[in-house]
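Okay, here's what each chain looks like letter by letter:
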Amino acid sequence: MRWSERRKKFRAILNGDACIHPGSVADPMTARITQEIGFEVGIFAGSVASMSVLAAPDLIVLTLSEFADQAKRIGRATELPLLVDADHGYGNALNVRRTVEELEMAGVAALSIEDTDLPTPHGSGRKAQLISVEEGIGKMKAALDTRTDPDLVITGRTSAAGIAGVEEAIIRVTAYEAAGVDALFLVGVKTREDLETIAGELSTPIILGSASREMMDRDWLASLGVRICLQGHKVHAAAMATFKRTQQALAAGTHPDDLEGVAPGSDMNRFMRADDYARWSDDYL
């Protein structure tokens, strides 16, 4: 696999002057569809990984090996540069080192390490909390020091804007920028004014983890240094709704030939690369 080429493509987006939306993926098939649609980048989120691998909520019950294995499967199936949400690095700064090793070997183009206190500690009332800035810096340095391919993108992620306010967010993103991360991943920024205030303190490219309807203006985002803006992961909920409706129809006695909204065989064969496998069978068998 040509991992470095994908990483270079991702870096070119960060170094460009436009803001793009990544396509949310869960597995090899959804990644193939996402690539065919024309998305330039795929995003494999921790919440989506927990859903697709464990059918569990995003509570950090997924393990690093499960996450890395699924990322590897996605990368093997497409040429799409993949940004992955590595959560808190699955532990302290030493665990972050192991996380970067595994995800680099899995072929991801970029990964984010966040400064949320995860898993949720006892007594928190399930309210999100932040680790100290000093520990966050240590995690960013550990991630940067561990990568062996300089093209692998390390992003510093923080939800401080939503948890502790804009001033705290600025303290953290400027500290992570000084540590040398390749991009800052912002979550929980609620208004245009807040984003403008935070972006005004940065020279490093920004990845925006969420954006309200009023903020979803890619030209305006690009002018602030936002290079990637997520659109959430509702595509998977939509897919689940379709699957449920179809199963309900079958359970109610609908004949398979009468089902609605079924992908044609030509699409399914293309997504599964049936022609390639037929050619390989002719060549080798």
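In what follows, the structure referred to is the one given above.
The structure presented is a predicted model; accordingly, all values stated were derived computationally and were not measured.

A. Molecular detail of the pairing of strand 6 (residues 183-186). Burial along strand 6 is two-sided: the residues Ala183 and Phe185 and Leu184 and Leu186 are all buried. Bridge count between strand 6 and strand 7 (residues 206-208): three bridges; the pairing is parallel. For leucine 186, the partnering residue across the bridge sits in strand 7 and is leucine 208. In this fold, the crossover linking strand 6 to strand 7 by way of helix 9 (residues 192-199) has right-handed handedness.

B. Spotlight on a nonpolar patch on the surface. Residues Val53, Leu54, Leu59 and Val61 make up a contiguous nonpolar surface patch of about 310 Å² in total accessible area. Of note, valine 53 is situated in helix 3 (residues 46-54). Accessibility expressed as a relative area gives 32% for valine 53, which makes it partly exposed.

C. Inspection of unusual backbone geometry at higher detail. Backbone torsion omega between leucine 118 and proline 119 reads -15°, so that peptide bond is classified as cis. Of note in the backbone geometry, arginine 273 takes a positive phi value of approximately 60° without being a glycine. Mapped onto the secondary structure, arginine 273 falls in the loop between helix 12 (265-271) and helix 13 (274-284).

D. Examining the state of the cysteines more closely. Following the criterion strictly, the structure yields zero disulfides and no others. In this structure cysteine 19 is a free cysteine whose sulfur lies 5.2 Å from that of cysteine 229, the closest cysteine sulfur available.

E. Seen up close, helix 8 (residues 166-179). Under the 1.5 Å per step criterion, the end-to-end length of helix 8 is 20 Å for 14 residues, consistent within 8% with the ideal 20 Å. Remark: glycine 180 follows helix 8 within two positions and exhibits a positive phi of approximately 110°.

F. Up close: the sheet that holds strand 2 (residues 42-44). One open sheet holds the eight strands; their spatial order is 1-2-3-4-5-6-7-8, and the pairing between them is parallel. The sheet is open, and its two borders are formed by strand 1 (23-24) and strand 8 (226-229), each paired with just one other strand. Judged from the five bridges that link them, strand 4 (residues 110-114) and strand 5 (residues 153-158) form a sheet pairing that is parallel. Across the sheet, the residue bridging to leucine 111 is isoleucine 154, located in strand 5.

G. Structural detail: the packing of aromatic side chains. Within this structure, the stated rule accounts for three aromatic pairs. Between phenylalanine 44 and phenylalanine 67, the ring centres sit 5.0 Å apart and the planes meet at 10°, which makes this aromatic pair stacked. Pair noted here: phenylalanine 44 is in strand 2 and phenylalanine 67 is in helix 4 (residues 64-77), with a separation of 23 residues, a long-range link. Just as phenylalanine 44 is buried, phenylalanine 67 falls in that class too. Through successive ring pairs, a cluster of aromatic residues spans Phe44, Phe67 and Tyr90. The ring of tryptophan 220 is capped by arginine 192, whose NZ or CZ atom sits 4.2 Å from the centre of that ring.

H. Layout of the pattern of salt bridges. This model, assessed by the stated rule, comprises 17 salt bridges. For glutamate 168, the salt bridge is made with arginine 172, and the minimal N-O distance between the two is 2.8 Å. Taken as a pair, glutamate 168 and arginine 172 lie in helix 8 at a separation of four residues, close to a single helical turn. Put simply, aspartate 276 and arginine 273 hold a salt bridge, and the shortest N to O gap is 3.0 Å. Taking the relative accessible area as the measure of exposure, arginine 273 reaches 30% and is therefore partly exposed. Ionic contacts of the salt-bridge type, sharing partners, join the residues Arg2, Glu5, Arg6 and Glu79 into one network.

I. Seen up close, the pairing of strand 5. Of all six residues making up strand 5, six are buried, and the element is well covered by its neighbours. With burial as the criterion, each face of strand 5 is covered, one bearing Val153, Thr155 and Arg157 and the other bearing Ile154, Gly156 and Thr158. Taken together, strand 4, helix 6 (residues 133-146) and strand 5 constitute a β-α-β crossover, and its handedness is right-handed. Across four bridges, strand 5 lies against strand 6 in parallel orientation. What sits directly across from arginine 157, in strand 6, is phenylalanine 185.

Calculation notes
- Residues numbered from 1 in each chain as written.
- Predicted model: local features only at pLDDT ≥ 70, side-chain atom pairs only at ≥ 80, totals over all residues.
- Heavy atoms only, no water.
- Buried < 20%, exposed > 50% of the residue type's maximum accessible area, 1.4 Å probe, protein only.
- Helix = DSSP H or I, 4+ residues; strand = E, 2+ residues; numbered from the N terminus.
- Pairing = 2+ DSSP bridges.
- Right-handed = clockwise from strand over helix to strand, strands pointing away.
- Patch = residues over 30% accessible without salt bridge, like charges linked within 9 Å, V, L, I, M, F, W, Y side chains within 5 Å.
- Areas by Shrake-Rupley, 256 points an atom, 1.4 Å probe, with all protein chains shown as cover.
- Salt bridge = Lys/Arg side-chain N within 4 Å of Asp/Glu carboxyl O.
- Disulfide = S-S within 2.5 Å.
- Expected span 1.5 Å × (residues − 1).
- Phe/Tyr/Trp six-rings, centres within 6.5 Å; stacked < 30°, edge-to-face > 60°.
- Lys NZ or Arg CZ within 6 Å of the ring centre and 35° of its normal.

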